Structure formats: C-alpha cells, structure tokens
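# Summary of the model geometry
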Amino acid sequence: MGKNISIIGAGFGALTAARSLRKLDASARITMIAPRPEFIYLPSLIWLPSGKRKAQDLVVPLDKFLRENDIQFVAAEANGLADGGHSVLTGTGAVGNDGLIIACGGRFIKKLPGIDLAILPCEGIAPVERLRTRVAELESGTIALGFAGNPNEPTAMRGGPIFEFLFGLDTQLRREGRREEIKLVFFNPMPKPGNRLGEKAVERLMGEMKRREIATHLGHKMVGFEPGKVKTEGGEFAADIIVFMPGMTGNAWFDNTDLPRSSGGLIQADAHCRVGGRENVYVVGDAGSFPGPDWMPKQAHMADLQAATAAANLLAELDGRAPDQTFAVELMCIVDSLDAGMLVRRTETSAWALPRMRLMHGAKDLFESLYLRRYR
C-alpha cells in the first residue's frame, strides 16, 4: 500500500509540495486539507485597485489539478494535531497520515491599538477591494502605507507588497489626474525599511519615493491608529486611508499542538524543513521558522523552494533514508509600479537591484500567466 501523506493548506507551498510528491511517487496517497479547493494568486493583489486585475482573475479552482494528480481534498480547517502529527484534527473529523507537510501560512499580528482601522492587503481579496473602493471615493486627502515586523522573529515580515501598492497607487492617481489632490505617505519603524532586500534595493526604493514626491515618516516605533490618524513615538500624521502590513506569527491552532515553536510563534524547523523532534512531519513557507540569514524572505518563491525540499525529504524518511536535501535561501521579486518594475535578487553571496524598467512590468505579468497555467 502506498504512503499516506497529508498537506495542510492550499497556497503556494502546499501546491508545490503536492506537485513534487506526485512527481516523485506515483503511488502515494496524497490528501490536501484546506477550507476551499481554490488557490488565490496573492502577488497580483497589487493590481486590483487600478482594475488591471479583477477578483475572478486571481482565484483558481483546483478541481482539475486535484483530479489530474489524484489528490484527495478535505474541505476543512485544521484546528490541532494528535499522534505526534500523524492525525490532523479538523472541524469535520480527524485525518490520519504516515507523513505530514504543514503549509497553511501564518497570520498577522494584530496587537497594535486601532489596527482594525487599517486595511491589511495581504489578508486576501476582500480588503484590497475595499481599498479600491475607498481610493475611488477619495476626492482629496492622504493615503498612508506602511509595514512592521515581528520583534521576536526578524524574518516574519512581508514588506515588499506595500512598496508595490505605494508605487502602483501613485501611478494610478497620476493617470487619473488626481495625484495633486491626494498625498501619499510611507511610514515604517525602521530608519532604512526594505533593508532585507539589500542596500542597493533600499537606495533605489527611497530614490523612487523622492522622485514620485512620496512623503516618508521613518524610524519611529508604531503607537497605533485612530480615525484619520497614524500615531508613532516620533509624532502623528493625518491619514484618510491607512494601508498596513503587520509582522507575522503562527496560526492560532498551533497553540493546540505540542509542536516546537520559535520565539516569534512559528513552527521550528531544521534546514531540511523537518519539524524538530518529530518523525515524518515537515513545515514550509510562512508557517515555519528556519535556520538562515535574518533577511530570509516570507514570499511565494521561498515557500516553493522549501516545499520541493520538504517533499523529497519526507519521502526519503518514509523510505528509511536520511532526509538530506536543503533549500537555497533566495529572495527574488519584481517591485512593480503598474508601469514598470525593479528586479531584486539576494542570495547568501550576492545582492543586486536593477533600475526600474517597463520590461519588468511585462515580465511580472507573464510570470503570473505561466505559474497559473499548471493549476488551471
């Protein structure tokens, strides 16, 4: 009888893990556990406010992918584990396994006072559609965009999309002839935000803000939000619309398990993506805390690399072999501005950022099409 493997999640890491498992083992019984059999292409949320993308463009039903790859699907939310991780507890019952890959992502830290007044764009389509409506209704005023991190976990943050929303809104408002009436402000508690992208990237990003006449409020710890106001230890400023990306931590259901946790609340893993002290249990993407540099990104590309590694190692462990594969630590992204893009790449040996080019906007568009083709 084939190996019985469960995957929690239906995002980038989960789907890459499923594809990798099926490619390596045609007989394995693979079960995916997630609320809905659909994949949301989060990187293109940045194009919803301008109308370049609509919600239906980003939601991919997984029925065809699941059928063609002989993957079982359980429509449920995980709420705990039992039997050392070999039983996933859900609202519809327990799902047993010989091996488990946790790829359910993380959650945003919402402790900042007044955070419910801010739009958190990476929570999904609904908040970005709300942003689109608010921007369309705003005749004059200020839009403030910023991000912060998890003070206990340097890697548990996602700031790149905020730069893209910032530059994209600037381009959109200029096209609509409304930029003079609407001020854009970028805020961040760090004096050099985006430093994990590399020094050259920070230089280019800050230069782009200056060129676009985007105001900045940097280097001051966040205090909270009030109606029409962003408050920091370095002062406060008015904001009619607040777009904010908090730091990340582990999902609430992790607390219902005895999984090892990092100081930032994520699942502790080794360089092979194996959860510490567990047999045949792996974690990938935003849910995990991995050894490596403090700039290791929480992005789809990194989740894909970890997922392929986890799949190979899990199968090796189930076959009685040592799980010896590791993943490359690589930050790769195109910081899009709706009319152009800046390609950024960082590895453990190099870091560079190309000047903004119209070609890169087209490349980001093309990559989305090619990536989604395997699931449509």
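First, a word on what this report is: a plain description of the structure on this page. One numbering rule holds for all chains: residues counted from 1, following each sequence as written. Confidence filtering applies because this is a predicted model: local features only for residues at pLDDT of at least 70, side-chain atom pairs given and counted only at 80 or more, and all residues used for totals across whole chains, interfaces and linings. Each side-chain value is derived from all of the structure's non-hydrogen atoms; neither hydrogens nor water enter the calculation.

### Quick notes on helix α6 (residues 199–211)
Worth spelling out the cut-off: In this text, helices come from DSSP runs of H or I with a minimum length of four residues, and strands from runs of E with a minimum of two, each type numbered from the N-terminal end. How far a helix is expected to stretch is found by multiplying one less than its residue total by 1.5 Å. For every residue, the accessible area obtained with a 1.4 Å probe (protein chains only) is divided by the maximum for its type, and the residue is called buried under 20%, exposed over 50%, and partly exposed between those limits. The directions from the helix axis to the C-beta atoms form the arc being described. Note on contacts: a residue pair qualifies if any of its non-hydrogen atoms lie within 4.5 Å across the two residues.
A rise of 1.5 Å per residue sets the reference length of α6, with its 13 residues, at 18 Å; its end C-alpha atoms lie 18 Å apart and thus fit the reference within 8%. Turning to α6, its buried residues number three or more, namely Ala201, Val202, Leu205, Glu208 and Met209. Looking straight down α6, one finds that the buried residues subtend no more than 130° of arc, so they occupy a single side. Exposed side of α6, more than 90 degrees from the buried face: Glu199, Glu203 and Lys210 are the residues found there. Among the structural elements, α5 (160–175), β12 (182–188), β13 (215–218), β22 (331–336), β23 (341–346) and β24 (351–353) are those in contact with the buried residues of α6. Remark: glutamate 213 follows α6 within two positions and exhibits a positive phi of approximately 60°.

### Concerning the pairing of strand β2 (residues 29–34)
How we decide: DSSP bridges decide pairing: two strands pair if at least two such bridges lie between them. Viewed with both strands pointing away, a crossover whose connecting path from the first strand over the helix to the second turns clockwise is right-handed.
The buried fraction of β2 is high, at five of six residues. When strand β1 (residues 4–8) meets β2, the two strands line up parallel, connected through five bridges. In the strand pairing of β2, isoleucine 8 is matched with isoleucine 33. For the handedness criterion, the β-α-β arrangement of β1, helix α1 (residues 12–24) and β2 is classed as right-handed.

### Concerning the packing of aromatic side chains
The relation between two aromatic rings is expressed through the spacing of the ring centres and the mutual angle of the planes. Where we set the bar: In summary, the pairing rule links any two rings of Phe, Tyr or Trp, Trp by its six-membered ring, whose centres are within 6.5 Å, and it sorts them by plane angle into stacked for under 30 degrees, edge-to-face for over 60 and tilted for everything else.
With the rule as written, the count across this model stands at 19 aromatic pairs. For the pair phenylalanine 12 and tyrosine 41, a centre-to-centre distance of 5.7 Å together with 55° between the ring planes defines the contact as tilted. Pair noted here: phenylalanine 12 is in helix α1 and tyrosine 41 is in the loop between β3 (38–40) and α2 (55–58), with a separation of 29 residues, a long-range link. On the basis of relative accessible area, phenylalanine 12 is assigned to the buried category, the value being 12%. Measuring from ring centre to ring centre gives 6.5 Å for phenylalanine 39 and tyrosine 371, while their planes differ by 35°; the resulting arrangement is tilted. Pair noted here: phenylalanine 39 is in strand β3 and tyrosine 371 is in helix α8 (residues 358–373), with a separation of 332 residues, a long-range link. Accessibility expressed as a relative area gives 0% for phenylalanine 39, which makes it buried.

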